[in-house]
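Descriptive analysis of the structure
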Amino acid sequence: MAIVKMSKFTLFAFESQKEALLDGLHKFENVQFINLQKYEEEYLQSLKKDSENEKVSYLEGEKAKVKFALELLLKHKEKEGTIKSLVKGKSLLNYDELENLAKKSNYSENYKKLKEKDDALLQMKNEKTKIISEIEALTPWRSLDAPFEDLLELNSTIFLMGSLPKSFKDTFREKFESEIPYSYLEVISEAKGEISVIALIHKDYEEKAKEILKLYSFNAINLKYDGIPIQILKEFRSRLDAIAKEEESINMEIKDGCKYLEDFKIVYEYLSNKHIKALACENFLKTESTVAIEGWVPTELSKELEDVIKTITKEDFYLELEGADKEDDDVPILLKNSTLIEPFELITSMYSLPKYSEIDPTPLMTPFYMVFFGMMLADLGYGIVMFIATTLALKKFNLDEGQRKFAKFFQFLSIPTAVTGAIYGSFFGDLIKFNGLINPAKDLMKLLVISIVIGAFQIFFGLGVKGYMLIRDGKPMDAIYDVVTWYAALIGAFLFLGGSSVGLSPATMNIGKWVMIVGMVALVLTQGRQNKGIGAKLGGGLYGLYGISSYIGDLVSYSRLMALGLSGGFIAVSFNMLIGMIPSPFNIIFGVFIFVGAQTFNMLLSALGAFVHSARLQYVEYFSKFYEGGGKAFEIFKSANKYITVIKEKQI
């Protein structure tokens, strides 16, 4: 239950065996490569950088084609319900099955057909957009009963078409007709504050007419059509109908192509694997005939790694294994925990993975997180619903590894939720009334004290973990300076300052006072020990002692254990009260639906709050006592598993 021990391996093999080695290591699924090309050591200068640029470029192009086909088919695929989709999940194939099916695929031809259909749809879309634009421009002129070509054949007369603001209609007509004698003006349509007009003008008055039109904000248009507007519009709409039918036909053909969807998924995963292996070469160095590979492997799998290499290369290789340096921050981090603890690695990774020199905080955090989440959600009914829902999901749904961990995470959290709900006497609020050990509505101070005591225990436990780590690292005096002194100061302060509130005797309180004083003096003398000079050491010590205020703030933060538990419970009770106020018989008809909706909403909202605030207490109040983090995750050289789950062996 800890950070997996890592070993660094250095491998030299023949260049001709590289591809087979990459296949074997990829299926092994337990190595991470180190980029030797970034090293500048002198002994590596004689080696050349390895690369598979041409293969990478080709595979990226093929992946792009397959991705295009997948996205196109997924848009046309009949939508599955969420439940059905989860039940189905991803297909499971081992590496050999994936390769065999991918090589049998005719994906290239199927891609070309889909691409042609998509191009046709794009052309139709562009044509449709253009026609719609033409219809919008021509619609105001649909009342014009003269063919456009006739207007162009006028000899001594010109015509102008356009629009102007509707507010100028009367003044414009009066001025135009009075000042342009040989003319004809007709308002064709009125819409959206504008009028569309056509003016026939003798050529001798063209300039004068244009001046008047400009004065009234005339916007000229030039419609290049043959025929009467209404007939042209009819032809446009007829073409739109034809395009719609063509689009429907092509979309049906694409939808029929969904039978190749699984085939494209297999090919995409296969190409992704080849792409991953080709990219991996950018970590290697080589000579004319050999390749140098370096990476990380879990120490417990070192023998298996050697066996994999030996199977591929026979005895034609050189392999060196070296245990990782504890202080090396470049060592990748892989956590290994029990079935109960593993789902809670989610919380640790959200904060930061531990460094290789640290300890895995997940087992030390999990019990606290479960208790905190339970106290914040705190409802027997909610706990039962969560347990049933997550259990069904784990049994009935084909979940991937991440989804299974997430479901198990909430399955485990459902237990403290139900237990705390039973202690509080809460079952969907007060749907079923029963007496618990604590009544949240009446025992507010008791709940607050319990919350603070649990918080104090976690803080002290965190300090104890810090002490253990210091002793483990050969720093027993630092454990005394940074842990024992705080224990003394904090315990003494509690006995002296808070003793009367919990009924402690004056003698005990007096002992607490002296313990507090000793602890505080020790803090002043030790917390600035890294500084130079007595003044700097004492100043650092006083500043360290000021840190006691942060402990007070930490303890206050644990009051949220009470606050969130009460708020969720009171909201649930309020919903029940509102349902009870609905007059009969509507409370029977609608009450069930309202109850289910309201309680589901409250459960999800309260669970979200519990998830976030429980994590906050770990990150801020707990981890700050002993945990730094900053580790880099172990990036396993394996299949991406985007569309297909690739496994080592066929699962039945």
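Here we summarise the structure given alongside this text. If you're wondering where the values come from, they're calculated on a predicted model, not measured in any experiment.

It is worth spelling out the overall build of the protein at this point. Counting secondary structure elements, the protein contains 22 helices and 14 strands. If one aligns the C-alpha atoms of the protein with their principal axes, the spans along those axes are about 120 × 80 × 65 Å. For the protein, buried positions account for 43% of its 652 residues. Long-range contacts, defined as pairs at least 24 residues apart, comprise 81% of the intrachain contacts of the protein with a sequence gap of at least 6. Counting every atom, the protein has about 35400 Å² of accessible surface; 60% of that belongs to carbon and sulfur.

On to the packing of aromatic side chains, then. Overall, the coordinates contain 40 aromatic pairs when judged by the stated rule. Where phenylalanine 68 meets tyrosine 111, the ring centres are 6.0 Å apart and the plane angle is 85°; that geometry is what we call edge-to-face. One end of the pair, phenylalanine 68, is in helix 2 (residues 53-76); the other, tyrosine 111, is in helix 5 (residues 107-138), with 43 residues separating them in the sequence. Judged by centre distance (5.8 Å) and plane angle (45°), the rings of tyrosine 369 and phenylalanine 409 are tilted. Taken together, the residues tyrosine 369 in helix 13 (residues 362-377) and phenylalanine 409 in helix 15 (residues 401-424) connect sequence positions 40 residues apart. Using a relative accessible area of 0% as the deciding quantity, one classes tyrosine 369 as buried. Among the aromatic residues, ring-to-ring pairing joins Tyr351, Phe368, Phe372, Phe457, Phe461, Tyr558, Tyr619, Tyr622, Phe623, Phe626 and Tyr627 into one connected group. Above the ring of tyrosine 356, the side-chain terminus of lysine 5 is found at 5.8 Å from the ring centroid. Over the ring of phenylalanine 68 we find lysine 115, and its NZ or CZ is 4.9 Å from the ring centre.

This brings us to empty space enclosed by the protein. Scanning all chains against the criterion turns up one cavity of 30 Å³ or more. Lys169, Phe172, Arg173, Leu185, Val187, Ile195 and Val197 together form the lining of the largest cavity. Here the lining of the largest cavity takes three residues from helix 7 (residues 169-179), the largest share from any one element. Classifying every residue of the lining of the largest cavity gives five nonpolar, no polar and two charged.

Bringing the pattern of salt bridges into the picture now. This model, assessed by the stated rule, comprises 33 salt bridges. Here lysine 286 and aspartate 50 are joined by a salt bridge, their closest N and O atoms 3.7 Å apart. Residue lysine 286 is located in strand 10 (residues 285-286), and its partner aspartate 50 is located in the loop between strand 4 (48-49) and helix 2; the two are separated by 236 residues in the primary sequence. Judged by its relative accessible area of 1%, aspartate 50 is buried. The partner of lysine 175 in a salt bridge is glutamate 179, and the shortest N-O contact between them spans 2.7 Å. Note that lysine 175 and glutamate 179 are positioned in helix 7 at a spacing of four residues, about one turn of the helix. Taking the relative accessible area as the measure of exposure, lysine 175 reaches 22% and is therefore partly exposed. Within this structure, Glu15, Lys18, Asp50, Glu52 and Lys286 form a network of salt bridges that share partners.

Pairing in this open sheet of four strands is antiparallel, and the strands run 7-8-6-9 from one edge to the other. Either end of the sheet is taken by a strand with one partner, and the two such strands are strand 7 (183-191) and strand 9 (219-220). Bridge count between strand 6 (residues 157-165) and strand 8 (residues 194-202): nine bridges; the pairing is antiparallel. Among the inter-strand pairings, methionine 161 is bridged to a residue of strand 8, identified as isoleucine 198. In this fold helix 7 packs onto strand 6, strand 7 and strand 8, with an angle of close to 170° to the strand it touches most, strand 7.

What counts, and where the lines are drawn
- Residues numbered from 1 in each chain as written.
- Predicted model: local features only at pLDDT ≥ 70, side-chain atom pairs only at ≥ 80, totals over all residues.
- Heavy atoms only, no water.
- Helix = DSSP H or I, 4+ residues; strand = E, 2+ residues; numbered from the N terminus.
- Buried < 20%, exposed > 50% of the residue type's maximum accessible area, 1.4 Å probe, protein only.
- Contact = heavy atoms within 4.5 Å.
- Areas by Shrake-Rupley, 256 points an atom, 1.4 Å probe, with all protein chains shown as cover.
- Phe/Tyr/Trp six-rings, centres within 6.5 Å; stacked < 30°, edge-to-face > 60°.
- Lys NZ or Arg CZ within 6 Å of the ring centre and 35° of its normal.
- 1 Å grid on protein atoms, 1.4 Å probe; cavity = no way out; pocket = protein on both sides within 12 Å on 5 of 7 lines; lining within 4 Å.
- Points joined across faces, edges and corners; volume = space filled by probe spheres on them.
- Nonpolar A, V, L, I, M, F, W, Y, C, P; charged D, E, K, R; others polar.
- Salt bridge = Lys/Arg side-chain N within 4 Å of Asp/Glu carboxyl O.
- Pairing = 2+ DSSP bridges.
- Axes fitted to C-alpha atoms, helices over the stretch in contact; angles between N-to-C directions.

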